[in-house]
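Architecture at a glance
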Number of protein chains: 2
Amino acid sequence: MAVEIVYRSSRDPEQLFMDKAEADRHDKMLELAETLSVVLQAGVPDLSERHAEEVSIYMARHRDIFAKAFKSTPEALQALTEPATE
Amino acid sequence: MAVEIVYRSSRDPEQLFMDKAEADRHDKMLELAETLSVVLQAGVPDLSERHAEEVSIYMARHRDIFAKAFKSTPEALQALTEPATE
């Protein structure tokens with residue numbers, strides 16, 4: 001037995017990481033998802049909190065692809081619906 | 001009476017524009033929204049088609065702000081919930 005360091009995001013204390021960079025990425029993803037969720041609920045009034053959160057987490061997990069799509073290249077999103085591509 | 005040129009996006013034939021650049025912007029917005037809607041319905045299985053479309057149109061209308069948020073700056077989204085800012 002030994003003491004060891006684990007990392008977690010305060011936004012999701014259940015999820016522990018051995019790697020600090022991974023914990024950082026998880027925290028950034030959740031930060032974006034939380035902000036998205038607030039904005040989508042405000043902008044699309046009859047969207048439920050649960051749907052807003054699911055959509056937001058999904059997009060935040062694929063942040064780079066959505067960044068490209070919004071910036072200039074909607075076709076970038078095809079990477080998400082073509083199973084062969086990753 | 002005279003003949004005049006009006007412009008429209010084939011994605012939304014009801015909406016006519018006197019200005020070609022405006023029609024182009026409308027078409028680009030709808031193109032992004034359509035692609036987003038397909039991806040969100042695939043990625044968030046219990047999201048209804050109507051909700052996927054509403055979320056997608058909302059985000060496509062504010063494309064520049066979402067581009068910033070996904071790229072690096074989630075706080076950019078605050079511009080959408082602070083009524084004074086536009």
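Up top is the structure these notes are about.
All of the points below concern the structure found in this document. The structure presented is a predicted model; accordingly, all values stated were derived computationally and were not measured.

Let us look at the interface of chain A and chain B. Opposite the 31 residues of chain A that make contact, chain B presents 31 residues. Where chain A packs against chain B, one counts 2 salt bridges. For the salt bridge of Arg50(A) with Asp46(B), the shortest nitrogen-to-oxygen distance reads 3.0 Å. Here chain A is connected to chain B by 8 residue pairs in polar contact (both at pLDDT 80 or more). Broken down by element, the side of chain A that touches chain B gets its largest block of residues, 8 residues, from helix 1 (residues 20-43) of chain A. Among the residues making up the side of chain A that touches chain B, the classes are represented as 18 nonpolar, 6 polar and 7 charged.

This paragraph deals with the packing of aromatic side chains. A full pass over the atoms with the stated rule returns 5 aromatic pairs over all chains. For the ring pair Tyr58(A) and Phe66(A), a centre distance of 6.2 Å and an interplane angle of 80° mean the geometry is edge-to-face. Given a relative accessible area of 13%, Tyr58(A) falls into the buried group. Residue classification places Phe66(A) among the buried positions, given a relative accessible area of 0%. Note on Phe70(A) and Phe70(B): the rings are 5.5 Å apart at their centroids and 5° apart in plane angle, and the pair reads as stacked. On the criterion of chain membership, the pair formed by Phe70(A) in helix 3 (residues 63-71) and Phe70(B) in helix 3 (residues 63-71) is interchain, its members lying in two chains. There is no split in this pair, since Phe70(A) and Phe70(B) are both buried. By way of ring pairs, the aromatic residues Tyr58(A), Phe66(A), Phe70(A), Tyr58(B), Phe66(B) and Phe70(B) are connected into one cluster.

Residue and element names in this part refer to chain B. With respect to the element layout, Val6 can be found in the segment before strand 1 (7-8). Sequence separation between Val6 and Val44 is 38 residues, and the spatial gap between their C-alpha atoms is 38 Å. With near-sequence residues (within four places) excluded, Val6 lies in contact with Leu16, Phe17 and Met18.

Across all of its chains, the model carries 10 salt bridges over all chains by this definition. With its nearest N and O atoms 3.5 Å apart, the salt bridge here joins Asp24(B) to Lys20(B). Separated by 4 residues within a single helix, Asp24(B) and Lys20(B) lie in helix 1 (residues 20-43), roughly one turn from each other. Looking at Asp24(B), the relative accessible area reads 40%, which means it is partly exposed. According to the relative accessible area criterion, Lys20(B) is partly exposed, its value standing at 46%. Close ionic contact of Arg50(B) with Glu54(B) constitutes a salt bridge, the shortest N to O distance being 2.8 Å. Of the two residues, Arg50(B) and Glu54(B) both sit in helix 2 (residues 49-61), 4 residues apart, roughly one turn of that helix. Assessed through its relative accessible area of 45%, Arg50(B) is described here as partly exposed. For Glu54(B), a relative accessible area of 30% corresponds to the partly exposed category. Via salt bridges that share partners, Arg11(A), Asp27(A) and Glu34(A) belong to a single interconnected network.

Conventions we followed
Residues numbered from 1 in each chain as written. Chains lettered and ligands numbered in written order. Predicted model: local features only at pLDDT ≥ 70, side-chain atom pairs only at ≥ 80, totals over all residues. Heavy atoms only, no water. Contact = heavy atoms within 4.5 Å. Salt bridge = Lys/Arg side-chain N within 4 Å of Asp/Glu carboxyl O. Polar contact = N/O pair within 3.5 Å; in protein donor to acceptor, adjacent residues only side chain to side chain. Helix = DSSP H or I, 4+ residues; strand = E, 2+ residues; numbered from the N terminus. Nonpolar A, V, L, I, M, F, W, Y, C, P; charged D, E, K, R; others polar. Phe/Tyr/Trp six-rings, centres within 6.5 Å; stacked < 30°, edge-to-face > 60°. Buried < 20%, exposed > 50% of the residue type's maximum accessible area, 1.4 Å probe, protein only.

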